[in-house]
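So the chains spell out like this:
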Amino acid sequence: MATVEKMLHIPEDSVPCKIRAKRGCATHPRSIAERERRTRISGKLKKLQELVPNMDKQTSYADMLDLAVQHIKGLQNEVQKLHKEMETCTCGCKQRL
């Protein structure tokens, strides 16, 4: 019995155990900041889904970013192609710009 009492003896200078917060109700500043960061990233990825064609809700984050990079590269190639066509154009459209 004496050994059990020794094991249960809590030193006076010990830090009390905190009660765990409910799910979604984190109280630690780092947890709150991390949740806000994830929320911002999620919102930006939803906007990206709206802008990039062929991207559905089931696409993973890595695949979303890959599709976005491919789409942007395609748009850049299209811009270069249009600039070259405009340089060789003989209709006089360069004078209007």
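Preceding this paragraph is the structure being described.
This text gives an overview of the structure that appears in the document. (Residues numbered from 1 in each chain as written. Predicted model: local features only at pLDDT ≥ 70, side-chain atom pairs only at ≥ 80, totals over all residues. Heavy atoms only, no water.)

Brief notes about the side chain of Gln49
Heads up, the condition is: Note on conventions: DSSP H or I runs of at least 4 residues are helices, E runs of at least 2 residues are strands, and numbering of each starts at the N terminus. Contacts: residue pairs with any heavy atoms within 4.5 Å of one another.
Counting through the fold element by element, Gln49 comes out in helix 2 (residues 29-51). Setting aside chain neighbours within four positions, we find Gln49 in contact with Met55, Asp56, Lys57 and Met64.

Re the nonpolar core
What counts is decided by this rule: Here, the term nonpolar core denotes a set of buried Ala, Val, Leu, Ile, Met, Phe, Trp, Tyr and Cys residues that are joined through side-chain atoms within 4.5 Å. Accessibility here uses a 1.4 Å probe with only protein chains present; expressed as a share of the type maximum, an area under 20% marks a residue as buried, one over 50% as exposed, and anything in between as partly exposed.
Core analysis: the largest hydrophobic core is formed by five residues, namely Leu45, Val52, Met55, Met64 and Ala68. The contacts of Leu45, once residues within four sequence positions are left out, are Tyr61, Met64 and Leu65.

Overview of unusual backbone geometry
Look at Asn54: it is not a glycine, yet its phi comes out positive at around 60°. Note that Asn54 resides in the loop between helix 2 and helix 3 (61-87).

Let's talk about the pattern of salt bridges
Operational definition: Think of a salt bridge as a Lys or Arg side-chain nitrogen and an Asp or Glu carboxyl oxygen that are within 4 Å of each other.
In total, this model carries two salt bridges according to the counting rule given. In this structure, Arg38 engages Glu34 in a salt bridge whose closest nitrogen and oxygen atoms are separated by 3.7 Å. A residue pair is termed a helical-turn pair when its members lie 3 or 4 positions apart in one helix, as Arg38 and Glu34 do in helix 2 at four residues. Relative accessible area serves as the criterion here: at 45%, Arg38 is assigned to the partly exposed category. Judged by its relative accessible area of 30%, Glu34 is partly exposed. Look at the salt bridges and you will find they share partners, linking Glu34, Arg37 and Arg38 into a network.

Side note on the environment of Met64
When you line up the elements, Met64 lands in helix 3. Here Met64 falls in the buried class, since its relative accessible area comes to 3%. Note: C-alpha distance between Met64 and Asn54 (10 residues apart in sequence) is 9.7 Å. Met64 has contacts with Leu45, Leu48, Gln49, Met55 and Thr59, leaving out every residue within four places of it along the chain.

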